[in-house]
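One letter stands for each residue in the lines below.
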Amino acid sequence: MDEDHPIATERGSAGKPARPTRRRFLRGLLAVGGLGLISAAGGITHYLATLYGAGEPQRGHLVLTGARVLAGEGLEPRGGTAVLVSDGMIAEVADEDDLVIPEGAEVVDLSGHTLLPGLIDLHVHMGFPQLERGEEMGPAQMPGYVYDIARYAPSARRAFLDHGVTTVRSLGDEYAWVMEMRRMLQEGELEGPRLFAAGPTFTTPGGHPIVTFGVEKDSDTVRIPATPEEARRIVRALATGDDPVDLIKVVQERGDPARLQMDPIPTEVLAAIVTEAHEHGRTVTAHWGTQEDLAEVLAAGVDGVEHLEARGVLEGWPDDLLALLVERGVAVAPTLAVTEAAISPEKHERLRERLGEVHAAGGRIVASSDAAIPGVPFGGGLHREVELLADSGLGPRAALVAATSEAAKVLGTDEIGAIAPGRAADLVAVRGDPLENIERIRDVSTVFRDGRLVVER
Ligand SMILES: [Zn+2]
């Protein structure tokens, strides 16, 4: 095992490989004195009561009637349609008059509602505290934050489901922590959205988020390979170990010469990361900043790009880069909700025009919020993103496709993302019709996760 390899070191010292993380985590809490505060707040009973554990799996038959159903991968609006859910899966989508309701089925009347597939947020950080824009985390919030982390972010998991977000993709969280959360969600121990995770972010010692957010170079949140060989070794370990990551996230960012210059990943290292990831069937998505950064990640062959950066394309797309994006079907996740809070309304409108050009050229666009960047809350951030996508030339339906079936394709799964037989019954009912007015997606009344009722209001 390599001395400098954080995963190897952790495994080596963990003893029993089954559940090393929790012990490691409790040690970390003791170190910051958080455990004392937790005990003071009510101890283990409270810990368990607020863990937000999962309910019983849905069994038998459930029939949803009365709603306008956005059916299939294209989200075709269908009136007079019933959805039959059996044991957590969508069994049938049929005309209400034709559907034979199985004996003993529970029937839920969703008249006045629109039923959509559960929303998918392709860019989140589960371990971020939820802050307003400009708000800093002070000592008063610290114990609450530590407590939340210790319980695998119940407030984030709850907020996602409350907003009808039933699947999220973590693009940069503490590796061991987020993998433990993914396992607990998969095993039905915790309630929350389905979790796909990149684990740590690939960057450089002089790169984001090390010089921007002060993330420690040797933390479990980042990997900083210096050579192509090291890059391949680290990607292989992440993709094939006990906790294989779902994808790889890289940061290619030169920063802003006027404010903060940063070191991007050397192109040969970047190429090695992408090649090795693809050899293990993992996609790579890239944070980028300048046009040069974008050109480099596309040359390396990434599958997705995060953010639509004013620094890079505000003045217009270089023809060759736009053509490459479209030709290769690179998934563009513009995170407009983040930039909306950061640049002037005029500039943001031009950025949305740039996105409209990607859409008009036949490019692939997906919804992602980057929550919980301050000002972009879990769940609510994705609603805003979908509204902004709709307002960038996509219109409501394509914006919703970007947050459902197209996002599922980017995740490489056909188990979610559409109301169709054979898919998981991750479903959201909203009041009114979001195809008429996209803001209706905020009015969530009912959410099912694998057919299990998780929100009703
Ligand atoms: Zn992010």
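Computed from a prediction, not measured in an experiment: that's the story for all the values here.

A. How the structure looks around the packing of helix 15 (residues 345-360) against helix 16 (residues 380-402). It is at 7 Å that the axes of helix 15 and helix 16 come closest, and there the two elements cross at 40°. As summarised for this structure, helix 15 and helix 16 are arranged oblique, according to the angle between their axes. In this structure, helix 15 contributes R352, L355, G356, H359 and A360 to the contact, and helix 16 contributes L388, D391, S392, G393, L394 and A398. Classifying every residue of the contact of helix 15 with helix 16 gives 5 nonpolar, 4 polar and 2 charged.

B. Looking closely at the nonpolar core. Counting residues in hydrophobic clusters, the biggest one holds 118 residues, and the most contacted among them are L115 and I273. Considering each element in turn, this core owes the most residues, 10 residues, to helix 16. Residue-level mapping places this core at the junction of two domains, with at least three residues from each of domain 2 (61-116 + 420-456) and domain 3 (119-411). Beyond its immediate chain neighbours, meaning those up to four positions away, I273 contacts F202, A231, V235, I248, V250 and V284.

C. Representation of the sheet that holds strand 18 (residues 331-333). Pairing is parallel across the open sheet formed by 7 strands, whose spatial order is 12-11-13-16-17-18-19. In this open sheet, the two strands that pair with only one neighbour each are strand 12 (222-223) and strand 19 (364-365). In this structure, strand 17 (residues 304-306) lies alongside strand 18, joined through 3 bridges in parallel fashion. When the bridges of strand 18 are listed, E306 appears paired with A333. Across the sheet, helix 11 (residues 291-300) touches strand 13 (247-252), strand 16 (283-288) and strand 17, and the angle it forms with strand 16 is around 170°.

D. Just the confidence of the model for the chain, in detail. Here the chain averages 90 in pLDDT, and 91% of its residues register 70 or above. Here residues 1-20 scores under 50 on pLDDT; set against residues more than four positions off or in separate chains, the count is 13 contacts.

E. View of unusual backbone geometry. Here H208 and P209 are connected by a cis peptide whose omega angle stands at 5°. Residue placement: P209 occurs in the loop between strand 11 (201-202) and helix 8 (210-213). One non-glycine residue, Y152, adopts positive backbone phi at about 60°. Here Y152 lies in the loop between helix 5 (142-150) and helix 6 (154-162). Phi at D450 takes a positive value of approximately 55°, unusual for a residue other than glycine.

F. Structural view of the domain arrangement of the chain. When cut into domains, the chain gives domain 1 (6-49), domain 2 (61-116 + 420-456) and domain 3 (119-411). A C-alpha centroid distance of 30 Å is found between domain 2 and domain 3. If you look at the interface, domain 2 gives 18 residues, while domain 3 gives 19 residues. Contributions of two or more residues to the side of domain 2 that touches domain 3 are made by strand 21 (444-449) and strand 22 (452-456). In terms of residue count, the dominant contributor to the side of domain 2 that touches domain 3 is strand 21 (3 residues). Classifying every residue of the side of domain 2 that touches domain 3 by side-chain character gives 12 nonpolar, 1 polar and 5 charged.

Cut-offs and rules
Residues numbered from 1 in each chain as written. Predicted model: local features only at pLDDT ≥ 70, side-chain atom pairs only at ≥ 80, totals over all residues. Axes fitted to C-alpha atoms, helices over the stretch in contact; angles between N-to-C directions. Helix = DSSP H or I, 4+ residues; strand = E, 2+ residues; numbered from the N terminus. Parallel < 35°, antiparallel > 145°, perpendicular 65-115°, else oblique. Contact = placed C-beta atoms within 7 Å. Nonpolar A, V, L, I, M, F, W, Y, C, P; charged D, E, K, R; others polar. Core = buried A, V, L, I, M, F, W, Y, C linked by C-beta atoms within 7 Å. Buried ≥ 20, exposed ≤ 12 C-beta atoms within 10 Å, placed from the backbone. Domains from an automatic or database assignment. Pairing = 2+ DSSP bridges. pLDDT = per-residue confidence, 0-100.

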